[in-house]
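Summary of the model geometry
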Amino acid sequence: MESVKNIRNKASMDRETLTKIFSLISTIVISVVFCAMNPSFLGTKNITNLLRDMSPVLVMACGEAYVLMLGSIDLSTGTVASCAAVMMTVLLQSVGAWAYPIVILYGVFAGTMNGVLHTKLGVPSFIATLSTQAIWQSAAYLLSGGQPLSLLPAAWPLVNWAKVNVLDCIPLLFLAALVVLLIYSFVSRYTGIGRTVKSVGSNERATWLMGQNVHGAKILAFMFSGLGAAIGGIFFAVKAKSGIPTVGVQYNMLGIAAAVLGGVQMTGGKGSIFMTLLGALLITIIQNGMNVVGVDGLWQQIIFGALLLAAIFMNSDKDHKGLIVK
Amino acid sequence: MEKQVHVSRIGEEFKQEMKKQSQRERFISWAPVGILAFLVVLFSIIAQGFFSLTNLQNLLKQLAIPLVMSLGLTFVILMGSTDLSAQGLAGFVGAIMALMVVNSKNANNMGFLGILIAVVAAILVTAISGIIHIKGKLPTFMVSYAVSSIMQGFAVLSYKGEPALIRDEFFTTMSQGSFLGIPYLTYIALAMFVIAYVLQFKTRFGSYVMAIGDNEGIAKNIGVNIDLTKFKVFLWLGVCIGLVGFMGAVRLGRGEVGIGSNLVFPAITSVVVGGTSLSGGKGGVVNTLVGAMIVTVINNALVLLGVSPYVQQAVQGMIIIAAVAISIPHGKNLIVK
Amino acid sequence: MERKLLMTIRGVTKQYPGTLALNNIDMDVYGGEVLGLIGENGAGKSTLMKIMIGAETATSGTLEMHGKPYAPHTPIEAMKLGVGMVFQEQSLIMNLTVAQNIYIGREEQYVKHALVDTRRMNEDAQKVLQGLEITNIKSGTRVNRLDFADRQMVEIAKVFDSVGASEGEGSIILLDEPTSVLSEKEIQQLFRHVRRLCTRGNAVIFVSHKLDEVMEIADRICVFKDGCKVDEMPNENLDEGILYEKMVGKTASGEYYHVARQRVPEQDVVLELRKLCKRGYFADVDLQLHKGEILGICGVVGSGKEDLCAVICGDEDPTGGEILVRGQSQRFASPSQARKAASILSVPRERRVEGIIGELSAYENICMSNFDGVRQNGVISDKLAKVQAEKYVQELSIKLPSVNQRVGRLSGGNAQKVVFARILASGCDILILDHPTRGVDVGAKTEIYSIIRDIADQGKSLIVLGDTLDETIGLSNRVAVMKDGEITKMFDAPPDGKPEQVDIVKYMM
């Protein structure tokens, strides 16, 4: 009995590493392939592009990673980002730079709302976030009148920072995303509530009885996810100087995929926030590389779906015999 | 003698609690019907044109697709799972079906065979995701989420850019035509309802799904073949999604990925609002019929009231949260993921 | 009447990690008899029944049914071989009808063209119910419309019918605490069915905490204790006193529980319960816990002791009454609040699912109930956490390769010591120990008793629900006895005058 348990623990520990190794090898192999097909793939210019494209995925993924770490899921990040992008465009034109804090607050609010609905009303996370996803989609459409909005040139000075590259090759946007990642990672590792998030994912019942604030940790995780999504939305808006009410939709899945490819287990408790960097990198390389080598962009969704499925499969506990999975 | 008194105190209280709980359950199980009646009365008063024969026909027409979709999901939810794959899969079915009947993009003319192929494709896909769920022990909504994305990709890829317009006259008339005042598509939906009803109440399959949703451990002990039953649930889901894809394409007149968008969410809303518990083992197809009617009535009335169509989704979102919050068991130490 | 041997059990042993649940059991079951099984919680009755219905397999030993080897792997298989069990926790599907529940898994005879002939099934189910003189239940009703006692009758009817299907050679029906939700009248009705079944050559095994009922219905009584069958006797001229004496476990020497180290608690009351209630679980509990005191609570399953502890540590809400901590009335929304506001923490019963986080390392587990203890500059420091863990590993002599070891891989005793390390690191001073030595081997047990004494020496107060009655008595300054949700008796348990187990059992059952 004891020894069976040992083997199982070992196996599940290796699974997280396995996923990371898979991601790492895929990243390298895919980069080499793309580079062979089109040498400009690893050119400075493209790397700069790649890092810029990666920024929204990264911030959304590290927020989502928090929720996945709980063993829950947030399906609303895509539309929160869309809504944030639209809000950003609208607000930049009306209140100027105040748009940034307001949209960030919106993200905190949207995330906290998910957390409260989930913990206080006991609504399963996927249904709560599926519902708020619908609500924010409606809001995005209402706010934009259903049409993509472009930012008026008068407001451009407020978003030009997104074009700035540090040392000529590292976009400021990416550095901003990195700061978010580091903060999220820090909270996860060095604060009590951050640690509680992870232990809730491993064993919610024990964490509760150990006298940790389980509900607080859950709300925090959802809040971070909403915040990450809103920052992602800001990035979309400042990058493209526009607010498209559907811009974030497919990024919900990309965020989840990036987190899982970085080693976060969808059933909770395992993985690290920081490693979502790897997942986000892999995803962006595929996205960007396919454009560079001229593969039909329509394949992307298929590839990412399959990649997500593979990552979930690799990353989950399958050898627990009596496990009931719904 | 004193002993007897002790026995009765806690025992009585326990019995009372059980009774209260079952009364509450009974009340909740009738609530959807009450809500439907209330909404009908309310909208008849405040929404001009709601209470009319034309609108009744409209309602029946609007009911068709969400009803079939939610009948498919009912069994999935009854056993405590969820499925999001319809989003991409229904679009895929619609797209390939449009490409196989007489259409604007190619010279195919397979007629009913085309529909059959499309529906079988849907069944295959749900069967595969069912197997991944059962054998891989991965939660259904995760699997279906990824599958949905993949199928959406294939759907877009199948017609590359411009979706195929359906030119087959049989199908173009089908979308508009009606018999005895009831639209053709609604007949399909009602037929599916009858089949679903028989499945739930007249077959072993129905009882087994209920048993799995109520308590999978007990079901296993009773001798229910869990894996096989789950697999059958996914086959049924495939049939429903296949039909929905077909109906959506016929309704729209073209096969595009958009058929699947805004499909899953109203369907889950219908199932849950009808009183089927997300944790499984409670409710069923009759509840779903009521739930689908509620959702259809609300959407219809919102349009009549001149509310922006963008708000519809948000309204559904709020309804579903309220419905789940009311029907789900509460307790501070319950574990909900 | 010629007694026909239905089942023979020879040398059945069941070993769980750390505990021997059944030790070399021999037992015969004869057709036409009611066999009563009695014993304390954990004496091995339920394990034996689980083996008999195929829910567990014996580590060693053999079972024979009708002279043939009998080793079912599932309850279904057991049912087909003629052994069925009425579970204490009901196994009915709430949203199916009575008839569907009675025949679930056995519908073949009613299926025609893939459809179930509901009418015929309902009629037959009604006949089954009538056969058991159950007239108030309609077979077409959904089970969730029935009250609890009726559900129990359906459950019984289901098992009676499914083993009855293989009747003829003689079947065995196991009843596990079947009367707990039944009224006096229903109990009598149940007993009539039991007797009638027996006259047809079947056997009924009856397990109950209610000795008077066992003595009323059983022809023969087997007494279990500590995984052994200690006695077997015909139900003639017995009185409850004799049975109590046979049931109670061995009394270990005072040394085992470090009774010499038992201290006299101080006068200050740290925790007081006033008329504390949780509807349906316990009622009007008044208790006082003093500083430095170890208070034992004992009672059978369903006595409400576990629920009482869950309420005290904030896991569940009371429905009435007051909890006073150091004189102040408190209400806890969560164990987190109980820990922070009242310094209350529990050692839960199900260690692997409630007490440890198996995927985390020992040092991470140990700091989980108090991050403040391992902060440096306001930030959690793994270094400090490791230092703290090292300290406790030494103090409690936890056997670990390193503090980075995942706790899920530790043996029961060491994992439990990690739990105690966490409790000590939390700094809490009202501790609730729910079965602190469950699944722990003997050596580790006495070390844990010593840790418990240390904790009391630090002036902390403990409530202990012992794994055995002896343990509760051995450790405690006072012992509260609970029965049917109420405290029926309070015993003083000073080192030189520990109460006898037999006296306590009388108030428990």
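The coordinates are above.
Attention here is on the structure that accompanies the text. (Residues numbered from 1 in each chain as written. Chains lettered and ligands numbered in written order. Predicted model: local features only at pLDDT ≥ 70, side-chain atom pairs only at ≥ 80, totals over all residues. Heavy atoms only, no water.)

**A look at the overall build of chain A**
Rules: A run of H or I in DSSP becomes a helix once it reaches four residues, and a run of E becomes a strand once it reaches two; helices and strands are each numbered from the N terminus. Within these notes, the globule rule equals 2.2 Å times the number of residues to the 0.38 power, and the radius of gyration is based on C-alpha atoms. Partly exposed residues are those whose accessible area sits between 20% and 50% of the maximum for their type, while under 20% is buried and over 50% is exposed, using a 1.4 Å probe and protein chains only. When checking whether two residues touch, look at their non-hydrogen atoms; a contact exists if any pair is within 4.5 Å. With residues, only the protein chains shown are counted as cover, and all accessible areas are computed by Shrake-Rupley using a 1.4 Å probe.
Check the secondary structure of chain A and you find 12 helices and 4 strands. By the compact-globule yardstick of 20 Å for 326 residues, chain A fits well, its C-alpha radius of gyration being 20 Å. Each principal axis of the C-alpha distribution contributes one length, and for chain A these read about 70 × 50 × 35 Å. Looking at chain A as a whole, 60% of its 326 residues qualify as buried. Relative to all contacts within chain A whose residues are 6 or more apart in sequence, the contacts with residues 24 or more apart total 79%. Within the structure as shown, chain A displays about 11,300 Å² of accessible surface, and the carbon and sulfur contribution to it stands at 71%.

**Re unusual backbone geometry**
Residue and element names in this part refer to chain C. Residues other than glycine seldom take positive phi values, yet Ala 114 does so here, at roughly 70°. Inspection of the secondary structure puts Ala 114 in the loop between strand S7 (111–112) and strand S8 (115–116). Of note, the phi angle at Arg 326 is positive, near 45°, even though the residue is not glycine.

**Comments concerning the interface of chain B and chain A**
For clarity, the cut-off: Buried area is understood as the total, over both parts, of accessible area removed when two parts are fitted together, assessed with a 1.4 Å probe. Any Lys or Arg side-chain nitrogen located within 4 Å of an Asp or Glu carboxyl oxygen qualifies as a salt bridge. Pairs of N or O atoms are called polar contacts if they sit within 3.5 Å, as long as, within protein, a hydrogen donor faces a hydrogen acceptor (for residues adjacent in sequence, only side-chain-to-side-chain pairs). The residue classification treats Ala, Val, Leu, Ile, Met, Phe, Trp, Tyr, Cys and Pro as nonpolar and Asp, Glu, Lys and Arg as charged. All others, Gly included, are polar.
Of the residues lining the interface, 52 residues belong to chain B; the matching set on chain A comes to 57 residues. For the chain B face of the interface with chain A, the top three residues by lost area are B:Lys137, B:Tyr310 and B:Lys337, together amounting to 17%. At the surface where chain B touches chain A, the tally comes to 0 salt bridges. Linking chain B to chain A there are 6 residue pairs in polar contact (both at pLDDT 80 or more). Elements supplying a minimum of two residues to the side of chain B that touches chain A: helix H4 (112–136), helix H5 (140–159), helix H8 (204–214), helix H9 (216–222), helix H11 (264–273) and helix H13 (309–327) of chain B. With 13 residues, the top contributor of residues to the side of chain B that touches chain A is H5(B). Looking at the side of chain B that touches chain A residue by residue, the class counts come to 30 nonpolar, 16 polar and 6 charged.

**Some words on the pairing of strand S3 (residues 34–39) of chain C**
Along any regular strand, the residues point their side chains to alternate faces of the sheet. All names here are of chain C. Quick reminder of the rule: One requirement defines pairing of two strands: DSSP has to find at least two bridges between them.
In terms of burial, S3 is largely enclosed, as 6 of its 6 residues are buried. Taking every second residue as pointing to the same face, both faces of S3 are buried, with Val 34, Gly 36 and Ile 38 on one and Leu 35, Leu 37 and Gly 39 on the other. As judged from the 4 bridges shared by S3 and strand S10 (residues 203–207), these two strands associate in the parallel manner. For Gly 36, the partnering residue across the bridge sits in S10 and is Phe 206. Looking at chain direction, S3 and strand S11 (residues 220–225) are connected through 5 bridges and run parallel. Across the sheet, Ile 38 pairs through a bridge with Val 223, a residue of S11.

**Here's the deal with the sheet that holds strand S5 (residues 68–69) of chain C**
To summarise the sheet geometry, strands pair through backbone hydrogen bonds and adopt either a parallel or an antiparallel arrangement. Residue and element names in this part refer to chain C. We apply this condition: Lines are fitted to the C-alpha atoms to define the axes, a helix being fitted only along its stretch in contact, and any angle between axes, read from their N-to-C directions, falls within 0 to 180 degrees.
As summarised here, the arrangement of the 4 strands in space is S2-S1-S4-S5, forming an open sheet in which the pairing is antiparallel. Two strands bound the open sheet, and with one partner strand each, they are strand S2 (19–30) and S5. Looking at chain direction, strand S4 (residues 60–65) and S5 are connected through 2 bridges and run antiparallel. Looking at S5, one finds that Glu 64 is bridged to Pro 69. Contacts from helix H1 (residues 45–52) reach strand S1 (5–16), S2 and S4, with the element oriented near 120° to S1.

**A short note on the interface of chain C and chain B**
Contacts between the two partners involve 46 residues from chain C, matched on the other side by 33 residues from chain B. Linking chain C with chain B are 1 salt bridge. Between B:Glu17 and C:Arg279 there is a salt bridge; the shortest N-O distance is 2.8 Å. Applying the counting criterion to the chain C and chain B interface returns 9 residue pairs in polar contact (both at pLDDT 80 or more). Mapped onto the side of chain C that touches chain B, the elements with two or more residues apiece are helix H2 (75–80), S8, helix H5 (148–164), strand S13 (269–278) and strand S14 (282–290) of chain C.

**A closer look at the packing of helix H7 (residues 184–202) of chain B against helix H10 (residues 226–252) of chain B**
All names here are of chain B. Stated precisely, the cut-off is as follows: The cut-offs work like this: below 35 degrees is roughly parallel, past 145 is roughly antiparallel, 65 to 115 is roughly perpendicular, and the gaps in between are oblique.
For the pair H7 and H10, interaxial distance at closest approach is 11 Å and the crossing angle is 170°. Classified by the interaxial angle, the pair formed by H7 and H10 is roughly antiparallel. The segment H7 lies against H10, with Leu 185, Ile 188, Met 192, Ile 195, Ala 196 and Leu 199 engaging Trp 236, Val 239, Cys 240, Leu 243, Phe 246, Met 247 and Arg 251. In terms of residue class, the contact of H7 with H10 is made up of 12 nonpolar, no polar and 1 charged.

**Topic: helix H6 (residues 184–199) of chain C**
How we decide: To estimate how far a helix should reach, multiply one less than its number of residues by 1.5 Å.
The terminal C-alpha atoms of H6(C), which comprises 16 residues, lie 23 Å apart, in line with the 22 Å expected from a rise of 1.5 Å per residue. Of the positions making up H6(C), those classed as buried are C:Glu186, C:Ile187, C:Gln189, C:Leu190, C:Phe191, C:His193, C:Val194, C:Leu197 and C:Cys198.

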